[in-house]
Amino acid sequence: MTFILETQELSYSYGDGTEALKSVSVCLEEGKKVALVGPNGAGKSTLMLMFNGILRPVSGTILFHGQPLRYDAASLRDIRKRVGMVFQNSDDQLFAPTVYQDVAFGPSNLGFSPEKVKRYVTYALAYVGLSGYGRRPPHHLSGGEKKRVAIAGILAMEPEVMILDEPTSNLDPASSEEIMEMLEELNLGGKTVIISTHDVDLAYRWADEVILMKDGGVMQKGPGQEVFGDVTLIREARLKLPIVVDIYQELAARGLISRRTPPRNILELCDILQSHAPGQEFQGTMGKICICNADKIGAEEIKSAIKEQEIRFVGAMGTSAKVMADKSRIPLDFTYGGIDKCILKALIGKSSLIITSGGMVEHASQRIEQYGSESGARIEVEWLPTPVTKEAI
Ligand code: ADP
């Protein structure tokens, strides 16, 4: 199998002699969401800076699509276009007087024509929900908005891989959630996304693959349930357990539930608990989940559907769905993990609506279908406006 990025016995020391990476060998599969997790000083940022050639290893090799990275100017330009890096501190990345100029910097440097640059910048700003922000000075924006401009600047070069160092540090919970969902959307669109974080809850619920690092080395690598299922290892790494795993471990220790693979999220934890409480199932009629595509339905139509269909909760998935809800003053109950929240509500008889957009549209219905086939729960899904054919989706 060819990996999109691979390191072979990679080592790196900074000028003052600090050994930041010690013989690191990892393989990253194309199209995955990968989280580098570890305490401060573990070597996460250093490894990320190696992935697109900003730092050059002292020894060892980095392969991109199976080919060793080269460090001449043309090769570096190519790799930095294909593997985009978003720095932890947006102020290190944004320097132009306006948002437009900042986002245009990358594609202009790649020698694109002015028309093509404009097209890419317009697309990237719309993608991150900042259409109309082009003339604003980046340093006047909020932390979340700056992060989105930095992401747009990378997106405008159409990279295959997006690397984000601590993408949610210094952001409030709502902005963090929006950034993480944007990364989910980018991944659904085919991009490999790599983040570093010491937020274990975020890594656990988001990543397909977790790489646990400490002292410049890789301690463990695998799906979150495997890596965070090893309590001793997590303690050794000076991290804490994701809250859902922590609760699961305590319930299992008390004998209230039987031990198996830890639940991935609150929905799975609730299902485990439910399976240990026979006869306690919800007896009423299940709620339904309505789904609409923000690009195909008007705000007024959504508002009247909310009234007519007795919808109790509304969630949005995807940046343009959230922009639409915000502009149309549709209050949102869920802005992250909306599908699972709607499933949880359906299971206790409450109906909800998910406003989706972009790559999230298909994802929403697939997730509900998948949950239904795994759990046996029959949740009614209704597309708005109804009736809807596949083409309308
Ligand atoms: P993390 O991203 O996991 O916090 P880093 O890659 O930033 O870890 O750091 C790994 C090690 O390298 C730490 O010991 C850190 O102090 C050191 N280090 C990072 N940047 C520099 C630098 N510019 N000069 C010297 N040492 C550095």
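None of the values given here were measured: they were computed from a predicted structure.

## Some words on the packing of aromatic side chains
Line of reasoning, step 1. If you walk through the whole model with that rule in mind, you get six aromatic pairs.
Line of reasoning, step 2. Their ring planes at 85° and their centres at 5.0 Å tell us that Tyr12 and Tyr14 sit as a pair that is edge-to-face.
Line of reasoning, step 3. With relative accessibility at 12%, the residue Tyr12 sits in the buried group.
Line of reasoning, step 4. Since its relative accessible area comes to 32%, Tyr14 is described here as partly exposed.

## Description of the sheet that holds strand β1 (residues 5–13)
Line of reasoning, step 1. Read from one edge to the other, the open sheet built from four strands follows the order β2-β1-β4-β5, with strand pairing classed as antiparallel. Two strands lie at the open edges of the sheet, namely β2 (19–28) and β5 (67–68), each paired on one side alone.
Line of reasoning, step 2. Pairing of β1 with strand β4 (residues 59–64) involves five bridges; the strand directions are antiparallel. Note on β4: the bridge partner recorded for Glu6 is Leu63.

## Quick notes on the site of the ligand
Line of reasoning, step 1. Contacts to the ligand come from Tyr14, Asp16, Thr18, Ala20, Pro39, Asn40, Gly41, Ala42, Gly43, Lys44, Ser45 and Thr46.
Line of reasoning, step 2. In this structure, Gly43 approaches the ligand through a main-chain N or O atom, which is 3.0 Å from an oxygen atom.
Line of reasoning, step 3. Take Thr46: an N or O atom from its side chain is 2.5 Å from an oxygen atom of the ligand.
Line of reasoning, step 4. Ranked by the residues each element gives to the shell around the ligand, the list is headed by helix α1 (residues 44–51), at three residues.
Line of reasoning, step 5. Tallied by class, the residues present in the shell around the ligand amount to four nonpolar, six polar and two charged.

## So, the side chain of Asp165
Line of reasoning, step 1. With respect to the helices, strands and loops of the structure, Asp165 is situated in strand β7 (residues 161–165).
Line of reasoning, step 2. Lacking a salt bridge, the buried Asp165 has Lys44 as its closest oppositely charged neighbour, with an N-O distance of 6.9 Å.
Line of reasoning, step 3. Reaching out from Asp165, the side chain makes a polar contact with the side chain of Ser196 at a distance of 2.6 Å.
Line of reasoning, step 4. Other than its neighbours up to four places away in sequence, Asp165 contacts Ser45, Met48, Met85, Val86, Phe87, Gln88 and Ser196.

## Brief notes about the domain arrangement of the protein chain
Accessible area lost during the coming together of the parts is what is often quoted as the interface size.
Line of reasoning, step 1. Taken domain by domain, the protein chain comprises domain 1 (3–232), domain 2 (243–275) and domain 3 (289–392).
Line of reasoning, step 2. Here domain 1 and domain 2 have C-alpha centroids that lie 33 Å from each other.
Line of reasoning, step 3. The partner domain 2 presents nine residues to the ten residues of domain 1 that form the contact.
Line of reasoning, step 4. The junction of domain 1 with domain 2 conceals about 700 Å² of combined surface from both sides, 46% of it contributed by carbon and sulfur atoms.
Line of reasoning, step 5. A per-residue breakdown of the area domain 1 buries against domain 2 is headed by Asp201, Tyr204 and Gln225, which together make up 67% of the total.
Line of reasoning, step 6. Put simply, domain 1 and domain 2 have zero salt bridges between them.
Line of reasoning, step 7. Scanning the region where domain 1 abuts domain 2 turns up five residue pairs in polar contact (both at pLDDT 80 or more).
Line of reasoning, step 8. Examining the composition of the side of domain 1 that touches domain 2, we find that four residues originate from one element, helix α7 (residues 200–206), more than from any other.
Line of reasoning, step 9. Class assignment for the residues of the side of domain 1 that touches domain 2 results in five nonpolar, two polar and three charged.

The rules behind each value
- Residues numbered from 1 in each chain as written.
- Predicted model: local features only at pLDDT ≥ 70, side-chain atom pairs only at ≥ 80, totals over all residues.
- Heavy atoms only, no water.
- Phe/Tyr/Trp six-rings, centres within 6.5 Å; stacked < 30°, edge-to-face > 60°.
- Buried < 20%, exposed > 50% of the residue type's maximum accessible area, 1.4 Å probe, protein only.
- Pairing = 2+ DSSP bridges.
- Helix = DSSP H or I, 4+ residues; strand = E, 2+ residues; numbered from the N terminus.
- Near = heavy atom within 4 Å.
- Polar contact = N/O pair within 3.5 Å; in protein donor to acceptor, adjacent residues only side chain to side chain.
- Nonpolar A, V, L, I, M, F, W, Y, C, P; charged D, E, K, R; others polar.
- Lys, Arg positive; Asp, Glu negative; His and termini not counted.
- Salt bridge = Lys/Arg side-chain N within 4 Å of Asp/Glu carboxyl O.
- Contact = heavy atoms within 4.5 Å.
- Domains from an automatic or database assignment.
- Buried area = accessible area lost by both parts, 1.4 Å probe.

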